[in-house]
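# A look at the structure
Below are the chains, spelled out letter by letter.
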Amino acid sequence: YATEEAYEAALDDYASNASNFVNIFGLGNDLDGLSRQKRVRYNTPILAGLQFSTSAAADNLYDAAIRYAGSTSWAKIAAAVSYWTDTADASDGGYEGWSGSASLLLAGTDTFDGLSFTVSAAKQDFRDDSRSDPEQYFGKIAYVTNFWEVGRTGLAALYGSYSDFQGFDQEMELVTLALSQNIDPLGTELYLGWTGTSIDAPDIAYNDMSLWQVGAMVRF
């Protein structure tokens, strides 16, 4: 908030009109499948960097995934695609979802060592047509190098788009810029980050939000 008075006014508004506020964590997530469940899972042996996994979980939940990890003389690569489903019908909240991601780290080239790229996308479809079907898209560019002898420096920029998590035609966008710096003689990592959010929804005007993070991690 621009001033302490504006912050205090927002707190008073929330106390009397909580419906005017939205929890940003409810507007989007990574759609990471079934998450942790009681399950039976099978992983195939890894062949040429590929591995297939599938599982059956409690309450008629099932999923499957194909993963790949490998490297060349100039890069390291990791990627995965997955499918998950709740076999319940529409009246019981049944759904199915798909996701995929890939990361590329340049290594072995003098000029671009430490540069990396990550992309991901996911969508979940509910069998009940009256419910919105959420989807997310994500991208990140990062660079890690040693500008100074004191320790490694990390830079990153990411973008995320999250749609229809709480209703039709609702969208949240995130942009993040981050910096970290290791101080090896002190066993310390300093970090600084900024995240900006923008939310669009029918008939609702949400305020944009900026979040700053700064701190240090000290290892003993």
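Note that the coordinates shown come from a computational prediction; the quantities given were computed from them, not determined experimentally.

Considering all chains together, one arrives at five salt bridges under this definition. The shortest N-O distance in the salt bridge between Asp125 and Lys123 comes to 3.6 Å. Lys123 gets classed as partly exposed once you look at its relative accessible area, which sits at 29%. A salt bridge links Glu189 to Arg152, with the shortest nitrogen-to-oxygen separation between them at 3.2 Å. With Glu189 in strand S10 (residues 188-200) and Arg152 in strand S8 (residues 151-163), this pair connects stretches of sequence that are 37 residues apart. Classification of Glu189 as buried rests on a relative accessible area of 14%. Through salt bridges with shared partners, a single network forms among Lys123, Asp125 and Glu135.

This part covers the sheet that holds strand S4 (residues 75-86). Spatial strand order, S1-S2-S3-S4-S5-S6-S7-S8-S9-S10-S11: eleven strands in an open sheet with antiparallel pairing. The outermost strands of the open sheet, each flanked by one partner alone, are strand S1 (39-43) and strand S11 (209-218). Strand-to-strand twist of the sheet, defined as the mean angle between neighbouring strand axes without regard to direction, takes the value 10°. Alignment of strand S5 (residues 95-106) against strand S6 (residues 115-126), held across eleven bridges, turns out to be antiparallel. The residue bridging Leu105 from the neighbouring strand is Ser116, located in S6.

Structurally, Asp133 can be placed in the loop between S6 and strand S7 (135-148). Excluding its chain neighbours within four sequence positions, the residues that come into contact with Asp133 are Lys123, Gln124, Asp125, Phe126, Ser163 and Asp164. Only 2.9 Å separates the side chain of Asp133 from the backbone nitrogen of Phe126, close enough to count as a polar contact.

Basis of the calculations
- Residues numbered from 1 in each chain as written.
- Predicted model: local features only at pLDDT ≥ 70, side-chain atom pairs only at ≥ 80, totals over all residues.
- Heavy atoms only, no water.
- Salt bridge = Lys/Arg side-chain N within 4 Å of Asp/Glu carboxyl O.
- Buried < 20%, exposed > 50% of the residue type's maximum accessible area, 1.4 Å probe, protein only.
- Helix = DSSP H or I, 4+ residues; strand = E, 2+ residues; numbered from the N terminus.
- Pairing = 2+ DSSP bridges.
- Axes fitted to C-alpha atoms, helices over the stretch in contact; angles between N-to-C directions.
- Contact = heavy atoms within 4.5 Å.
- Polar contact = N/O pair within 3.5 Å; in protein donor to acceptor, adjacent residues only side chain to side chain.

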